[in-house]
Amino acid sequence: MFGGLATVLDLFGVCVFAVTGALVASRKQMDVFGFALLATVTGIGGGTFRDLVLGRVPVFWVDDPAYLAICVATAVVVFFTAHIPESRFRVLLWFDAVGLSVACVIGANVGLSVGVSPFVAVVMGVITGTCGGIARDLLGGESPLILRKEIYVTAALIGAAIFVGLLRIGATTPVAAGAGFLSCLVIRSLALKYG
Amino acid sequence: MFGGLATVLDLFGVCVFAVTGALVASRKQMDVFGFALLATVTGIGGGTFRDLVLGRVPVFWVDDPAYLAICVATAVVVFFTAHIPESRFRVLLWFDAVGLSVACVIGANVGLSVGVSPFVAVVMGVITGTCGGIARDLLGGESPLILRKEIYVTAALIGAAIFVGLLRIGATTPVAAGAGFLSCLVIRSLALKYG
Amino acid sequence: MFGGLATVLDLFGVCVFAVTGALVASRKQMDVFGFALLATVTGIGGGTFRDLVLGRVPVFWVDDPAYLAICVATAVVVFFTAHIPESRFRVLLWFDAVGLSVACVIGANVGLSVGVSPFVAVVMGVITGTCGGIARDLLGGESPLILRKEIYVTAALIGAAIFVGLLRIGATTPVAAGAGFLSCLVIRSLALKYG
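Residues numbered from 1 in each chain as written. Chains lettered and ligands numbered in written order. Predicted model: local features only at pLDDT ≥ 70, side-chain atom pairs only at ≥ 80, totals over all residues. Heavy atoms only, no water.

**Examining the interface of chain B and chain A**
Contacts between chain B and chain A engage 22 residues on the former and 20 residues on the latter. Here chain B packs against chain A, burying approximately 1700 Å² in sum over the two surfaces, 80% of which is carbon and sulfur. For the pair chain B and chain A, the number of links is zero salt bridges. Seen at the junction of chain B and chain A, the total is two residue pairs in polar contact (both at pLDDT 80 or more). Taken together, the elements giving at least two residues each to the side of chain B that touches chain A come down to helix H2 (32-54), helix H5 (118-139) and helix H6 (153-168) of chain B. It is H5 of chain B that provides the largest number of residues to the side of chain B that touches chain A, a total of seven residues. Considering only residue class, the side of chain B that touches chain A consists of 18 nonpolar, two polar and two charged. (Contact = heavy atoms within 4.5 Å. Buried area = accessible area lost by both parts, 1.4 Å probe. Salt bridge = Lys/Arg side-chain N within 4 Å of Asp/Glu carboxyl O. Polar contact = N/O pair within 3.5 Å; in protein donor to acceptor, adjacent residues only side chain to side chain. Helix = DSSP H or I, 4+ residues; strand = E, 2+ residues; numbered from the N terminus. Nonpolar A, V, L, I, M, F, W, Y, C, P; charged D, E, K, R; others polar.)

Structure representation (structure tokens):
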């Protein structure tokens, strides 16, 4: 049952990351294909790199068009609505926080599912959470979010570690996932609010 | 028969991309090994990333030294002649347009050859066409071409889509490839001229 | 016997690269997790890319936690001591030179061990030596070291070529490795001193 829920959450995480990529494209006044490119890179970049290092190839989106489709659709929606928010960067930061929180748990779960050690599973969570945003910032010519003097990698690391740790002491996957997600989101939100 | 022609075109596309990498090295006044590095990264970067996500490993140039050799040879030739063109950046843009047009078709063709869906094959065309140039611009400290307010990703996408679409409705590979190549080149040329 | 020594040297090379990543984090006043991220990316980045293109997946650090552990430990040590050196950048350059010299030999050796041609093995040495530092500089927002008007790629290329060349003419692995390491280190040191 968690399989289906995991897929939904995964698509949701991809979608919120895609929003942040599209918002960077918006800041750069790119055309709609530029929106699609940055949304896609951000949405699936972290999971792509995770799959590559784990040797899960072809990577997840090659055989499942839903991931690419959701990125492109998100880009189109943002393209026609992104002039609305006054401060795109604040919006971007909050979407990015949600994407980070979903991705750190999903990524760690993928790691465990292919049998890596708990330590490496946590690293997979961090990779999945951060690499899409790093690619977005590099391609968009922005100073990488991970370099800001705010708690960022830390939040992903703690979220993934709580998820993996709770599973190890016997928690069910939904409970562990929920706790990992919320830990990351709360830490990152506090950093955004008071950082 | 298209197999042999495809290889020649592929090497040609790698070569023109390698020229653009060497021209960036020239702008940065690097030594000949720097030329070779940037030429190689640009020449084979897109296809490398395509092969990685498709799980075609070792990637194409590991077992065929011709690709690396052509990049290095191109770098050496540009190194000894690049002082000639007055405006290196204009030259770079035109070579890049040709490389993009070849690579978007070759990349989509590779995708189809390993059995991915038409949608993903188009994405492989875009990846093959754009990732080498992205790596070149990131390594060379240039503002990425894809961020310029010009039609760029769009051209690769349309070229790859026309190639895949024509194949689907029964065109022969050379016809589809020619149409895809020309579409991308014309669109990109118009963007360069009037963009 | 060289197997054990190679592992020790490999970990040593990873460690000195990790120091350079942590020093960049220090220049950017990142928190300890930022130190860990940059140290890890720099320490294992080159070998990761090498393994990906060779199809050696999961990549080397997924099944051997020692590599990640040494990066994190290095980051923590530098985090608590990096205020000591007056000029962090000079220190970084020297550590980077040692890491480059180790990695170009290790990387070429990995290439040979999976049966690629000598030419490609040398390229694997260059990739292993340079990609970690490139990732460090991109993520850290620094101008890439490889772009400085100094001999850099050249040193890695010559070190790897001497290693592969000596093996081809019958030298034992330790002799070839020592000669390759020293060639790279001497060339890079001269470039740093007089470049």
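**Here we look at the relation of the copies chain B and chain A**
Each of the two chain copies goes to the other by way of a rotation about an axis and a shift along it. Expressed as a screw transformation, the operator carrying chain B onto chain A has a rotation angle of 120 degrees and an axial translation of 0.0 Å, and the superposed copies differ by an RMSD of 0.0 Å. The operation mapping one copy onto its partner corresponds to a three-fold rotation axis. Identified as the residue of chain B closest to the rotation axis by C-alpha distance is Leu-52 of chain B, at 4.1 Å. With a heterologous cut-off of 20% or less, the 9% of interface residues of chain B that recur at the interface of chain A puts this contact in the heterologous class. (Least-squares fit on C-alpha atoms with pLDDT ≥ 70 in both.)

**Some remarks on the relation of the copies chain A and chain C**
Of the transformation placing chain A onto chain C, the axial shift is 0.0 Å and the rotation is 120 degrees, giving an RMSD of 0.0 Å. By residue overlap, the copies meet through two different surfaces: only 9% of the interface positions of chain A are interface positions in chain C.

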